[in-house]
Amino acid sequence: MTLDFSKPLYVLAPLAGFTDLPFRSVVKKFGVDLTVSEMISSNALAHGSKKTEKMLEKSPRETPYSVQIAGSDPEIIKRALEVINAREGIDIVDLNCGCPVPKVFNNLQGSALLSDLEKMGRAIETIKRYSEKPYTSVKIRLGVQEKNHVAIARVCEEAGADFIAVHGRTRSGKFKAPVDYDAIAEVKAAVSIPVIANGDIDSPAKARWVLEHTRCDGIMIGRAAVGRPWIFRQIKEGLAEPSPELMREVVLEHFDQMIAHYGEYGVILFRKHLHTYSKAGLPGASAFRHRVNTVTDAEEMRRTIEEFFS
């Protein structure tokens with residue numbers, strides 16, 4: 001498996017609680033080039049958590065497929081990689097150096113590594129050395145409080161990362177501060193490995209502008225794909241807004257995948273997706289959202305979806 005960076009690579013960003021196997025398999029139908037697992041704790045993998053191991057599973061459609069881990073302790077990362085190495089069909093191991101969530105940050109993982117570049121470099125070197133998968137990648141932010149993006153990117157390259165994805169905010173910027181696309185362009189100019197731009201890319205026009213402005217080798221989309229898995233086809237092929245028929249087909253397929261993957265609990269987990277799918281300006285959306293919050297039976301939920309999206 002070889003990643004082709006000769007043309008822009010379109011990547012689905014990892015989003016905790018959203019980019020699970022059912023969602024990724026639906027997005028894959030719309031032309032995304034690379035899918036990434038939800039962020040997975042290297043600690044939980046190393047300690048044999050079955051629930052965490054299930055998060056490694058992928059859809060048959062997902063090639064290439066990247067597994068993102070959070071971690072900073074080389075010994076723990078090594079043990080997590082033993083679990084990942086035993087799995088077929090994983091092409092990339094990605095180190096999360098961007099998650100701003102306090103429980104991850106306070107555990108010296110995610111974006112906490114951006115303030116300890118020596119520790120970050122050792123974590124990347126550990127993956128590069130012990131992973132048996134073709135690629136090692138890193139997802140970064142621009143820094144913790146202050147921007148330090150060029151130094152961060154250079155450490156990633158020196159430690160052996162094959163490519164990096166850059167979210168154009170600092171940790172303190174969370175998801176609200178303006179994205180600094182100039183800083184992403186500076187990262188691209190500073191390293192010789194491929195760079196993927198990430199942050200607030202929510203339309204075909206924005207995708208084109210970001211690629212031109214940053215000169216990056218691809219773009220990564222997360223939140224804008226939730227409720228709009230067709231966004232990648234819109235960017236790549238100029239697909240118009242989906243017809244009600246296509247939307248209904250996608251929502252039902254996504255729902256069926258959730259039930260197949262999670263059983264009846266998938267009904268409850270799917271509510272948040274229905275909230276985003278129903279925001280496409282459809283009449284009665286507010287009442288629909290209120291109703292699905294009380295449904296727990298799969299058959300009843302399927303009927304409710306069919307009625308609303310028809």
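Keep in mind that what you see is a predicted model, and the values were worked out from it rather than measured.

1. Remarks on the overall build of the protein chain
- Check the secondary structure of the protein chain and you find 14 helices and nine strands.
- Computed over the C-alpha atoms, the radius of gyration of the protein chain is 19 Å, within 12% of the 19 Å expected from 2.2 N^0.38 for a compact globule of 310 residues.
- For the protein chain, the spread of C-alpha atoms along the three principal axes comes to 55 × 45 × 35 Å.
- Taken across its 310 residues, the protein chain has 55% of its residues classed as buried.

2. Digging into the layout of surface pockets
- The computed volume of the second largest pocket comes to approximately 170 Å³.
- Every residue lining the second largest pocket is listed: V226, G227, R228, W230, E241, M247, T276, Y277, K279 and A280.
- For the lining of the second largest pocket, the class distribution of residues is five nonpolar, two polar and three charged.

3. So, the pattern of salt bridges
- Evaluation of the coordinates by the stated rule reveals 18 salt bridges.
- Across the salt bridge formed by D256 and R302, the nearest N and O atoms sit 2.8 Å from each other. Separated by 46 residues along the polypeptide, D256 in helix α11 (residues 244-262) and R302 in helix α14 (residues 298-309) bring together distant segments of the chain.
- Here D256 falls in the partly exposed class, since its relative accessible area comes to 33%.
- You can call R302 partly exposed: its relative accessible area is 23%.
- Bridged by salt links that share partners, the residues K29, R61 and E253 form one connected network.

4. Section: the packing of helix α8 (residues 181-190) against helix α9 (residues 204-214)
- It is the contact of α8 with α9, at a shortest axis distance of 8 Å, that shows an interaxial angle of 50°. Taken together, the axes of α8 and α9 lie oblique to each other. Residues Y181, D182, I184, A185 and K188 of α8 pack against K206, W209, V210, H213 and T214 of α9.
- Of the residues in the contact of α8 with α9, the class split is five nonpolar, two polar and three charged.

5. Description of α8
- Restricting attention to buried positions, one finds in α8 the residues Y181, A183, I184, A185, V187 and A190.
- The inward-facing, buried residues of α8 abut α7 (149-158), β7 (163-167), β8 (195-198) and α9.
- You can read the cap of α8 off the contacts: a side-chain oxygen lies 3.1 Å from the backbone nitrogen of D182, and it is on D180.

6. Thoughts on empty space enclosed by the protein
- Counted according to the given criterion, the structure contains one cavity of 30 Å³ or more.
- In this model, the largest cavity occupies a volume close to 60 Å³.
- Taken together, P14, L34, V36, S66, Q68, D94, S137, K139, F163, A165 and M220 form the lining of the largest cavity.
- Counting residues per element, the ones that place at least two in the lining of the largest cavity are β2 (34-36), β4 (65-70), β6 (135-140) and β7.
- Taken together, the residues of the lining of the largest cavity break down into six nonpolar, three polar and two charged.

7. Quick look at the pairing of strand β1 (residues 9-12)
- Of the two faces of β1, both are covered, the one formed by L9 and V11 as well as the one formed by Y10 and L12.
- Two strands pair when backbone bridges link them, and β1 and strand β9 (residues 218-221) are joined in this way by four bridges, in the parallel orientation. Each residue of the ladder has a partner; that of Y10, found in β9, is I219.
- With helix α1 (residues 21-28) bridging β1 and its parallel neighbour β2, the resulting β-α-β unit is right-handed.

Rules behind the numbers
Residues numbered from 1 in each chain as written. Predicted model: local features only at pLDDT ≥ 70, side-chain atom pairs only at ≥ 80, totals over all residues. Heavy atoms only, no water. Helix = DSSP H or I, 4+ residues; strand = E, 2+ residues; numbered from the N terminus. Rg over C-alpha atoms; globule rule 2.2 N^0.38 Å. Buried < 20%, exposed > 50% of the residue type's maximum accessible area, 1.4 Å probe, protein only. 1 Å grid on protein atoms, 1.4 Å probe; cavity = no way out; pocket = protein on both sides within 12 Å on 5 of 7 lines; lining within 4 Å. Points joined across faces, edges and corners; volume = space filled by probe spheres on them. Nonpolar A, V, L, I, M, F, W, Y, C, P; charged D, E, K, R; others polar. Salt bridge = Lys/Arg side-chain N within 4 Å of Asp/Glu carboxyl O. Axes fitted to C-alpha atoms, helices over the stretch in contact; angles between N-to-C directions. Parallel < 35°, antiparallel > 145°, perpendicular 65-115°, else oblique. Contact = heavy atoms within 4.5 Å. Polar contact = N/O pair within 3.5 Å; in protein donor to acceptor, adjacent residues only side chain to side chain. Pairing = 2+ DSSP bridges. Right-handed = clockwise from strand over helix to strand, strands pointing away.

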